[in-house]
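# Descriptive analysis of the structure
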Amino acid sequence: MATEKIILDVDTGSDDAVAIICAALSSKIELHSICTVWGNRPLSQTTENTLRVVDMLGIGEKVKVYPGCETSMVATLLANRHAGYGGQRKSVNGGEEKSMHQETIDELPPAHTLPQDKRAVMHYVDTIMNSEDGEFTLVPVGPLTNVAMALRVEPRIAKKIKQIVLMGGGCRRSNSTAAAEFNIWGDPEAAQIVMTCGAKVTVVPLDATQNACINSDEVAELYKLGTPAATCVADMIKHRIEAYSYLQPMDRLDSAPVHDALTVCYLIQPDVLEQVELVRCDVDISGGIADGQTIIDPRAYTDLPKNVNFAFFANRDKFSDLLFKILRGEG
Ligand code: RIB
Ligand code: CA
């Protein structure tokens, strides 16, 4: 199987950290570079967290990190739309407010590798316009602001890249409002630009990721692998299980989805996703109660051309098995 040459776009974030580790360790992926974006945390923190993971992996010389956009394209212009950082928060029993993601990944030392001076948007434009057709796959797993801005600066990149595989959205699932998933809700306009840019787009939504949760028994097994990467993955998923237990309890209370890692794992072993269908998907940008919703047109004959491959399910056991294989250096 040929390797996928990817540019990963992250708002690190605990599941982004696991995605970076999977992309770096898998023999089926060439992790070319990483762009950071606002989202789970402000850009300065998502960039620091990304660099901490890069340093833990020892790949700072090979994999450069390009900071991207500080906020959404236009959503912040209307007060009630901004997603805010860190997704859901909640004060537990009236006490301290807990967020889904740590401000900094405290299990890792402060980063020593510096980010690039060049910004993510121009990194995308320059790298892709100087590449072979079909050379790069873009893997955005945060708000789509960087990718959308790059498409606005240079629309021709849509035809130059192989595909976009993004984590975001939901058909029957949401997490940030009754209608929307965080990455899309954070920048609905950016999401609509990406979904309709003309490139091959695969969407890995909550319908897939929330059906592929990793549980505390598996976390215990991850710790037993004993490597810095496996320990970091176990730490991240342990944090997620704690946060999900009071923010978004899953069917199995001691489990949590690892959205961004599943997205990367799809490129390593595509059958971790199931019920992947070509559909017509648009994003509500109206600013109302459905703002940021990914709307799938269920009709056989859609008014507009079908534009994305949408994964309506995932295979949890295959995802878990693959995660362990990657961390054992076999994936
Ligand atoms: O809704 C889940 C997504 O939002 C994940 O990418 C998570 O990291 C956050 O960015
Ligand atoms: Ca993310």
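Below is a short write-up of the structure. In this text the structure is predicted, and so the values were computed from the model without any measurement.

### Here's the deal with the nonpolar core
Leu8, Ile34, Ile237, Leu262, Val264 and Leu273 are the most contacted members of the largest nonpolar core, which totals 66 residues. Take this core: its biggest share by element is 11 residues, from helix α10 (residues 228-247). Residues Val121, Leu138, Ala190 and Cys281 belong to the second largest nonpolar core, which totals 38 residues.

### Overview of the site of ligand 1
Neighbouring ligand 1 are the residues Asp11, Asp15, Asp16, Asn40, Val141, Met167, Asn175, Glu181, Phe182, Asn183, His259 and Asp260. For ligand 1, an oxygen atom lies 2.8 Å from a polar atom in the backbone of Val141. If you list the elements that add at least two residues to the shell around ligand 1, you get α1 (14-25), α6 (182-186) and α11 (259-268). Residues of the shell around ligand 1, tallied by class, amount to three nonpolar, four polar and five charged.

### Quick look at the packing of α1 against helix α2 (residues 43-57)
Between α1 and α2, the least distance of the axes is 10 Å, while the angle of their chain directions is 35°. Where α1 crosses over α2, the handedness of that crossing is right-handed. On the side of α1, the interface is formed by Ala17, Ile20, Ile21, Ala24 and Leu25, while α2 contributes Thr50, Val53, Met56 and Leu57. When its residues are assigned to classes, the contact of α1 with α2 shows eight nonpolar, one polar and no charged.

### Section: the coordination of the calcium ion (ligand 2)
Ligation of the calcium ion (ligand 2) by protein atoms is provided by Asp11 (OD), Asp16 (OD), Asp16 (OD), Val141 (O) and Asp260 (OD), these donors lying 2.2 to 2.8 Å from the ion. Each donor residue of the calcium ion (ligand 2) belongs to the same chain, with the gaps between them written as D-x4-D-x124-V-x118-D. One end of the pair, Asp11, is in the loop between β1 (4-10) and α1; the other, Val141, is in the loop between β6 (137-140) and α4 (145-153), with 130 residues separating them in the sequence. On the basis of relative accessibility, which here comes to 1%, the residue Asp11 falls in the buried class.

### What to know about the environment of Val147
Here Val147 shows up in helix α4. Look at Val147 and you get buried, because its relative accessible area is 2%. Here the alpha-carbon distance between Val147 and Leu51, two residues 96 residues apart in the chain, equals 20 Å.

### Some points on the pairing of β1
Within a regular beta strand, the side chains point alternately toward one face of the sheet and then the other, so they alternate between its two faces. Burial within β1 is extensive, with seven of its seven residues counted as buried. Going residue by residue along β1, you find Glu4, Ile6, Leu8 and Val10 tucked away on one face and Lys5, Ile7 and Asp9 tucked away on the opposite face as well. In terms of strand pairing, β1 meets strand β2 (residues 29-36) through seven bridges, oriented parallel. Within β2, the position partnered with Glu4 by the bridge is Ile29. Once the chain exits β1 it traverses α1 before rejoining the sheet at β2, and the crossover so formed is right-handed. Relative to β6, β1 runs parallel, the two sharing four bridges. Across the sheet, Leu8 pairs through a bridge with Val139, a residue of β6.

### As for the packing of α1 against helix α12 (residues 316-327)
Two elements in contact, α1 and α12, have axes whose closest approach is 9 Å; the angle formed by their N-to-C orientations is 60°. Regarding the angle of α1 to α12, the classification is oblique. Crossing geometry of α1 relative to α12 is assigned as left-handed. Note on element contacts: α12 touches α1 through Leu323, Ile326 and Leu327, opposite Val18, Ile21, Cys22 and Leu25. In terms of residue class, the contact of α1 with α12 is made up of seven nonpolar, no polar and no charged.

Parameters at a glance
- Residues numbered from 1 in each chain as written.
- Chains lettered and ligands numbered in written order.
- Predicted model: local features only at pLDDT ≥ 70, side-chain atom pairs only at ≥ 80, totals over all residues.
- Heavy atoms only, no water.
- Core = buried A, V, L, I, M, F, W, Y, C linked by side-chain atoms within 4.5 Å.
- Buried < 20%, exposed > 50% of the residue type's maximum accessible area, 1.4 Å probe, protein only.
- Helix = DSSP H or I, 4+ residues; strand = E, 2+ residues; numbered from the N terminus.
- Near = heavy atom within 4 Å.
- Polar contact = N/O pair within 3.5 Å; in protein donor to acceptor, adjacent residues only side chain to side chain.
- Nonpolar A, V, L, I, M, F, W, Y, C, P; charged D, E, K, R; others polar.
- Axes fitted to C-alpha atoms, helices over the stretch in contact; angles between N-to-C directions.
- Left-handed = near helix turned anticlockwise from the far one by under 90°.
- Contact = heavy atoms within 4.5 Å.
- Donors = N, O, S within 2.8 Å, 3.2 Å for Na, K, Ca; no water.
- Pairing = 2+ DSSP bridges.
- Right-handed = clockwise from strand over helix to strand, strands pointing away.
- Parallel < 35°, antiparallel > 145°, perpendicular 65-115°, else oblique.

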